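Structural characterization, general
Below, each chain spelled out in residue letters.
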Amino acid sequence: MIYNVEKETMNKQDKEKLQLERLQKTVRAVYENVPFYQEKFDEKNVTPDNVQSLEDLKKLPFTKKKDLRDHYPFGLFAVDQKEMVRLHASSGTSGKPTVVGYTKSDIEVWSEVVARAIASAGGEPGSVLHNTYGYGLFTGGLGLHYGSERLGMVTVPISGGNTARQILLIEDFQPQVICGTPSYVLNIAETMEKMGKDPRKTSLKFGIFGAEPWSEEMRQTLEKKLDIKAIDIYGLSEIIGPGVSIECHEAQDGLHIADDHFYVEVIDPETLEPVEDGEYGELVFTSLTKEAFPIIRYRTGDIAALNRETCKCGRNSVRMSRVKGRIDDMLIIRGVNVFPSEIENCLLQVEELVPHYQILLKKNGTMDHIELQVEVNKATFEKCAGDMEYLNMDELRRRIQHQIKSNCLVSIQVQIMEPGSIPRSEGKAVRIVDLREEKVLQQ
Ligand code: DLL
């Protein structure tokens, strides 16, 4: 079902006209109300009057996460506090969190784009949505919540954690849709198995998964384990939260961006020049309708590619590929760039492994050293009578290393672990642990 047929199937010409009108209004609002933008525009010698076409957006300066931190907490807001109704913040691994604000109208827009997203994933009015995204300052819980209610779904605001209770409510409330990070929903499915329950036998039909990078192989694992369609949803608090883009259940072929609200560019993170459609680069978003926290050319740090072909579902919006990873999480192993999601892809092709892993960054003297911890499944563990020594680890380790070498072109040290030994997440999975300074890189 298409939630907003008029906006989601709008032709290119009308869309661009609408985008330009909204862009001009946003640019004027930030120039007049946010000193940070006025200064940056002045440095580049541009004023709102210089934005006469969508192409002119390129004249405007980029905004980065550091700009949000430097203006903590409210320095980039464009409206008076009296007009605002909500704050959210992202945790951040060091220093101050990044804070974002919403007016009533911003919450309306957010609910609308998430309602579109849930409908795109297969949600329908009257059916039940089990929402395991964390409620609170994180945008996942409340973002999906408002969208689900807007669509007219019966919303279960269970939030993350207390997995046994999640399972009880899935059995008793019979939801059709589950939302959460892919790693946490996998954790729920595995807990069901441990309790002797079959995760394929629930009422669930669709899963709406995002908030962390995940691979195509992980999608197949979740679809098989839970007998559902696993849909990728993307968003970030700086732009609005979840609902920036989502796949449609009809095609599952790229994520439709709500591009009447968020204008997308993809740039080469080194040269800052735009890349061709289809080429991977850094996603950059400009908000077109936000009031409290409008944002111009925000460099997300997320790597993806664009596709402007019409989708078979009928939506006309520009689509982005699944996010390959964040620039900050990219590992450089002897000169080769690798994202954790690419390693995940390789691991899930090895039958004996479960989809849990951690990449440890260590120091070996003065040299950086990377170690991959993977976990064998229960059946494999039982085959070796619970004694890891009996397992032909060398052969398995060689196969894993070969898989990674042939797909990612890097040699990496692999440590095979017992079932259950890699920490499970109740929200965003921690895939990279930096032990060089005892700090966690990815949250
Ligand atoms: O994670 C918003 C969200 C909530 C999205 C629920 C989807 C579902 P932040 O906490 O600000 O917001 O984190 C945003 O998470 O820049 C990406 O690096 C990553 N991310 C979000 N969705 C995806 C996805 C929420 N589908 C950061 N695939 C973003 C890969 C994702 N990475």
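None of the values given here were measured: they were computed from a predicted structure.

1. Remarks on the domain arrangement of the protein
The domain architecture assigned to the protein consists of domain 1 (1-326) and domain 2 (330-441). In this structure, domain 1 and domain 2 have C-alpha centres spaced 30 Å apart. Taken together, the contact between domain 1 and domain 2 spans 23 residues of the former and 20 residues of the latter. Between domain 1 and domain 2 we count 1 salt bridge in total. We note a salt bridge from E190 to R424, for which the minimum N-O separation is 3.4 Å. Of all the secondary-structure elements, those providing two or more residues to the side of domain 1 that touches domain 2 are helix 8 (182-194), helix 9 (216-226) and strand 15 (325-326). By residue number, the principal contributor to the side of domain 1 that touches domain 2 is helix 8, which donates 5 residues. Along the lines of polarity and charge, the residues of the side of domain 1 that touches domain 2 split into 7 nonpolar, 10 polar and 6 charged.

2. Digging into the packing of aromatic side chains
Inspection of the entire model under this criterion finds 9 aromatic pairs. Centre to centre, the rings of Y102 and W110 are 4.9 Å apart; their planes meet at 10°, and the pair counts as stacked. Among the residues examined, W110 registers a relative accessible area of 2% and is labelled buried. Ring pairing ties together the aromatic residues Y31, F36, Y37 and F41, which thus form one cluster. Sitting over the face of the ring of Y146, R86 holds its NZ or CZ atom 4.9 Å from the ring centroid. Stacked on the ring of Y280, the Lys or Arg K324 has its end atom at 4.4 Å from the ring centre.

3. A look at the pattern of salt bridges
In the structure shown here, the tally under the stated rule is 38 salt bridges. The salt bridge partner of E395 is R399, with a shortest N-O separation of 2.9 Å. Linking E395 with R399, this pair stays in helix 12 (residues 393-408), spanning 4 residues, or about one helical turn. You can call R399 partly exposed: its relative accessible area is 33%. Notably, a salt bridge pairs R436 with D434, separated by 2.7 Å at the nearest N-O pair. Taking the relative accessible area as the measure of exposure, R436 reaches 32% and is therefore partly exposed. Its relative accessible area of 2% is what places D434 among the buried residues. What you see here is one network of salt bridges that share partners, running through E108, E112, R116, R150 and D260.

4. Details of the sheet that holds strand 5 (residues 177-180)
Here 9 strands make up an open sheet; going across it, the order is 4-3-5-6-7-8-9-14-13 and the pairing mixed. In the strand order of this sheet, the two ends are held by strand 4 (154-156) and strand 13 (306-307), each with one partner. Pairing of strand 13 with strand 14 (residues 319-320) involves 2 bridges; the strand directions are antiparallel. What sits directly across from L306, in strand 14, is M320.

The rules behind the values
Residues numbered from 1 in each chain as written. Predicted model: local features only at pLDDT ≥ 70, side-chain atom pairs only at ≥ 80, totals over all residues. Heavy atoms only, no water. Domains from an automatic or database assignment. Contact = heavy atoms within 4.5 Å. Salt bridge = Lys/Arg side-chain N within 4 Å of Asp/Glu carboxyl O. Helix = DSSP H or I, 4+ residues; strand = E, 2+ residues; numbered from the N terminus. Nonpolar A, V, L, I, M, F, W, Y, C, P; charged D, E, K, R; others polar. Phe/Tyr/Trp six-rings, centres within 6.5 Å; stacked < 30°, edge-to-face > 60°. Buried < 20%, exposed > 50% of the residue type's maximum accessible area, 1.4 Å probe, protein only. Lys NZ or Arg CZ within 6 Å of the ring centre and 35° of its normal. Pairing = 2+ DSSP bridges.

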